[in-house]
Each structure stands twice: as structure tokens, then as C-alpha cells.
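What follows is the residue order along each chain.
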Amino acid sequence: MNREKPVIAVVMPCYNEEEALPLSLPVMLGILDKMAEQGIASADSYILCSNDGSRDRTWEVLKDWHSRDQRVRGVSLAHNRGHQYALLAGLMAVRGECDAAISIDADLQDDPNAIIEMVKKYREGCDIVYGVRSSRRTDTWFKRNTAHAFYSFQKTMGLQTIYDHADYRLMDAKALDMLSEFKEQNLFLRGIVPQIGLKWDVVYYERNSRVAGESKYPLSKMLSFSIDGITSFSALPIRYIFFMGIIFLIIDLIVAIYVLISYFTGHVEPGWSSIMLSIWFVGGIVLIGLGVVGEYIGKIFIEVKARPRYQIDERI
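Residues numbered from 1 in each chain as written. Predicted model: local features only at pLDDT ≥ 70, side-chain atom pairs only at ≥ 80, totals over all residues. Heavy atoms only, no water.

Q: So what's going on with the overall build of the protein chain? Which residues, and what values?
A: A count of helical and extended segments in the protein chain gives 10 helices and 8 strands. Nonlocal contacts in the protein chain, meaning residues at least 24 apart in sequence, comprise 85% of its contacts between residues at least 6 apart. Surface exposure of the protein chain reaches about 16,600 Å², of which carbon and sulfur atoms provide 60%. (Helix = DSSP H or I, 4+ residues; strand = E, 2+ residues; numbered from the N terminus. Contact = heavy atoms within 4.5 Å. Areas by Shrake-Rupley, 256 points an atom, 1.4 Å probe, with all protein chains shown as cover.)

As C-alpha cells, then:
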């Protein structure tokens, strides 16, 4: 690894970003030029866009930019696999061809100027540098509080993640090699990367609005992403169900004692309402438990088939 004047690969996962790319690519190229002028990165640094089976003209836009500037490169997945897979495909595509890779979304909500600070920390000896939001003032009340709940719940479930960090990070060649050894099908890179270890640091930045296009992460996808992350890295939900079963067993014994005392003292009265409420409550808990166990079984089913996580159709 060259820490004095490293070759930096900026990896940008893209899905239907034909409107954003003409705005974001000049900005990213400008960052590369600025780092080359300051002597903190090699002039051979480049951008690699990972096209996640976009249905618009994203790939055509990338080809056009590649013809004008060879520093704009790309890989195109054979079909849409999701943000995490597109990001991993991009990181593995630049592995062995750069000293460090920086992942950032094409919408430029993550401040690209933080890249310069990331590279400086890399030159100081850091192997991984996480981009962390300094605040969530631009978020709505609902978005801000659900995000905080998301990170807090992850911590409760035993996940080792960086608070207020998405997928904006620098990873050096050593970290990329270690990442390649993780073979799971259910990808949650925010949980995988901290498990790598190595020397790491953070860079704080202000999050901006999208330069163009629409968000690819509505509430439904964020919830699904959260569930995937928790069930991919922690068995605590199943353990909690076990403890919940013990608690219900204790409650059941207490109720049984109460029923027996009521029976022998002649205070038994019809309790249709309490019985129905108990049935619905316990039935709901049972269904939740089955759902959690089913989530884990489903992941095992996917993992044991060991199918390719993604397939690259074309590269420029």
C-alpha cells in the first residue's frame, strides 16, 4: 500500500441514477483533481460506478462519461440485486487495483468533501475511516427518531455498528482483502466491516439533500434492512423468545394457583372475556416467535445453497 500518494478508487453504487450522475460525477472528478493537486492522492485515482440493474439510462450515461474521461469506470450487474450487493460488487471490482477504496452513494447526500479528510487519515495510518453524520437537523422528526431507534435497537441486539454511519467509508487494500473472506449471502456491510477490526477512525460531515432523483430507501426498505441486519448478526431475538416463554410459564403457574384457590373457595365465575384476551395475546406472541424463527431458517436456506451473490454483465 502506498500511503504517501495512494491510488484512490471511489465506488458509487447506482440504481436508476441517470439524473444524478451528470451532476455527481463532475463533483467527484473535481475532488480527485483537488487531491492530486494537493499531492495527497495519485493522479491515477478513479471512480467506479456499480450499476445495480438500472431500468433507466444509467449505464448509457456511464458509458458516455467513460468515453470522455477514462477515470470514470463501471461494472453493470446482470440484474437488480440491491444496494449492498451492488456496493460489494464495486468494492471487489477495485480490489487489487487501488490502495484504498471509498464508497459513497451517487446522490451526493453524503458530503464528498469528507473524502479528502478520509484520505488524510488513511495517510496517517488508518485502515478504515467511517463517514459519520455530525447531526440530523435536515431530517424530519419521524426520520430522525426512527433512525435513532434503528441504531439503538441494533446495539440492544448485540450488533457492532457505528452510530449514524451508513455506507460512506474508506477501506484500504488490506481491509478489502479481509472483506472478501466474508462469504455470507445476507449482506449487511455496516455490520460486517466493523468485524474486520484493524486501525480505524471517523470523519464527521453534514448530510445534504439529494442532487436529483428520488430516495431508493423508503420506510418499508429501511425496516427490511434493519431486520436483515439484526437477524444476520445476532441470535438474541431467539434467546429473548426463550426468556419470554419462561416468563409466560411463570405467569401461567401464578394464574393456575389463583384458579385453584378460586375453585376450592367457590369464587369461580365465567371469564369469557379474560379467556379470549389471553388466547389472542398468547397467540400473537406465538406467531411473533414463529416469525422470528422462520426468519433465521429462511436465512439458513439461502446460505446453504451458496448461490452467486451477484453476476457482472458488463464492465467499462
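From this point, things continue past the structure.
Q: Break down a nonpolar patch on the surface for me, citing the residues and quoting the values.
A: A cluster of nonpolar side chains, Val282, Val286 and Leu290, forms an exposed patch at the surface whose accessible area comes to about 260 Å². Examined against the element boundaries, Val286 turns out to sit in helix α10 (residues 272-305). (Patch = residues over 30% accessible without salt bridge, like charges linked within 9 Å, V, L, I, M, F, W, Y side chains within 5 Å. Salt bridge = Lys/Arg side-chain N within 4 Å of Asp/Glu carboxyl O.)

Q: Give me the lowdown on helix α2 (residues 58-68), citing residues and values where you can.
A: An α-helix turns once every 3.6 residues. As a result, residues three or four positions apart point the same way. Along α2, the positions that sit buried rather than exposed are Thr58, Trp59, Val61, Leu62, Trp65 and His66. Along α2, the residues classed as buried sweep out an arc of 155° about the axis, all on the same side. Exposed residues lying more than 90 degrees from the buried face of α2 are Ser67 and Arg68. If you follow the buried residues of α2, they end up packed against β1 (8-14), α1 (21-38), β2 (46-51), β3 (72-77) and β8 (312-315). (Buried < 20%, exposed > 50% of the residue type's maximum accessible area, 1.4 Å probe, protein only. Arc of directions from axis to C-beta.)

Q: Run through the nonpolar core, naming residues and quoting values.
A: Grouped together as the largest cluster of nonpolar side chains are 37 residues, with contacts concentrated most on Met12, Leu21, Leu25, Met35 and Ile47. Among the elements of the structure, β1, α1, β2, α2, β4 (100-103), α4 (114-123), β6 (165-172) and β7 (200-205) are those that each provide at least two residues to this core. Excluding its chain neighbours within four sequence positions, the residues that come into contact with Met35 are Ile40, Ala41, Ile115, Ile116 and Val119. Grouped together as the second largest cluster of nonpolar side chains are 29 residues, Val7, Tyr46, Val94 and Val202 included. (Core = buried A, V, L, I, M, F, W, Y, C linked by side-chain atoms within 4.5 Å.)

Q: I'd like to hear about the side chain of Asp111, residue by residue, with values.
A: One can find Asp111 in the loop between β4 and α4. In this structure the side chain of Asp111 is engaged in a polar contact, spanning 3.1 Å, whose partner is the side chain of Asn113. Once residues lying within four places of it in the same chain are set aside, the contact partners of Asp111 are Tyr168, Tyr205, Glu206 and Asn208. (Polar contact = N/O pair within 3.5 Å; in protein donor to acceptor, adjacent residues only side chain to side chain.)

Q: How would you summarise the pairing of β2 if you had to cite specific residues and measurements?
A: Extensive coverage of β2 is indicated by the burial of 6 of its 6 residues. Here β2 shows a buried face lined by Tyr46, Leu48 and Ser50 and a second buried face lined by Ile47, Cys49 and Asn51. Where β1 lies against β2, 6 bridges are found, and the strand directions are parallel. Within the sheet, the bridge partner assigned to Met12 lies in β2 and is Cys49. Read as a crossover between parallel neighbours, the route from β1 over α1 to β2 is right-handed. The pairing of β2 with β3 spans 5 bridges and is parallel. Directly across from Cys49, in β3, lies its bridge partner Gly74. Taken together, β2, α2 and β3 form a β-α-β motif whose crossover is right-handed. (Pairing = 2+ DSSP bridges. Right-handed = clockwise from strand over helix to strand, strands pointing away.)

Q: Tell me about the environment of Cys126, and please be specific about residues and values.
A: Mapping Cys126 onto the fold places it in the loop between α4 and β5 (128-133). On the accessibility criterion, Cys126 (6% relative accessible area) is buried. Sequence separation between Cys126 and Trp200 is 74 residues; the distance between their C-alpha atoms is 5.3 Å. For Cys126, the residues in contact, after removing those within four places along its chain, are Arg3, Lys121, Asp172, Lys199, Trp200 and Asp201.

Q: Lay out the sheet that holds β6 in plain terms, naming residues and giving numbers.
A: In spatial order, the strands read β7-β5-β6-β4-β1-β2-β3-β8; together these 8 strands make up an open sheet with mixed pairing. Among the strands making up the open sheet, the edge pair consists of β7 and β8. Each strand of the sheet is rotated relative to its neighbour by a mean of 20°, with strand direction disregarded. Strands in contact with helix α3 (residues 83-94) are β1, β2, β3, β4, β6 and β8; relative to β1, the strand with the most contacts, it is inclined by about 155°. (Axes fitted to C-alpha atoms, helices over the stretch in contact; angles between N-to-C directions.)

Q: Describe in detail the packing of aromatic side chains, supporting the description with residues and values.
A: For the coordinates displayed, the defined rule picks out 2 aromatic pairs. Between Tyr130 and Trp200 the ring centres are 5.6 Å apart and the planes differ by 80°, which places this aromatic pair in the edge-to-face class. Taken together, the residues span a long stretch of sequence, with Tyr130 in strand β5 and Trp200 in strand β7 at a distance of 70 residues. Relative accessible area serves as the criterion here: at 2%, Tyr130 is assigned to the buried category. A relative accessible area of 46% means that Trp200 is categorised as partly exposed. Note on Tyr168 and Tyr205: the rings are 5.2 Å apart at their centroids and 80° apart in plane angle, and the pair reads as edge-to-face. Taken together, the residues Tyr168 in strand β6 and Tyr205 in strand β7 connect sequence positions 37 residues apart. The same class applies to Tyr168 and to Tyr205, which are both buried. One residue, Arg81, lies across the ring of Tyr85, its end atom 4.2 Å from the ring centre. (Phe/Tyr/Trp six-rings, centres within 6.5 Å; stacked < 30°, edge-to-face > 60°. Lys NZ or Arg CZ within 6 Å of the ring centre and 35° of its normal.)

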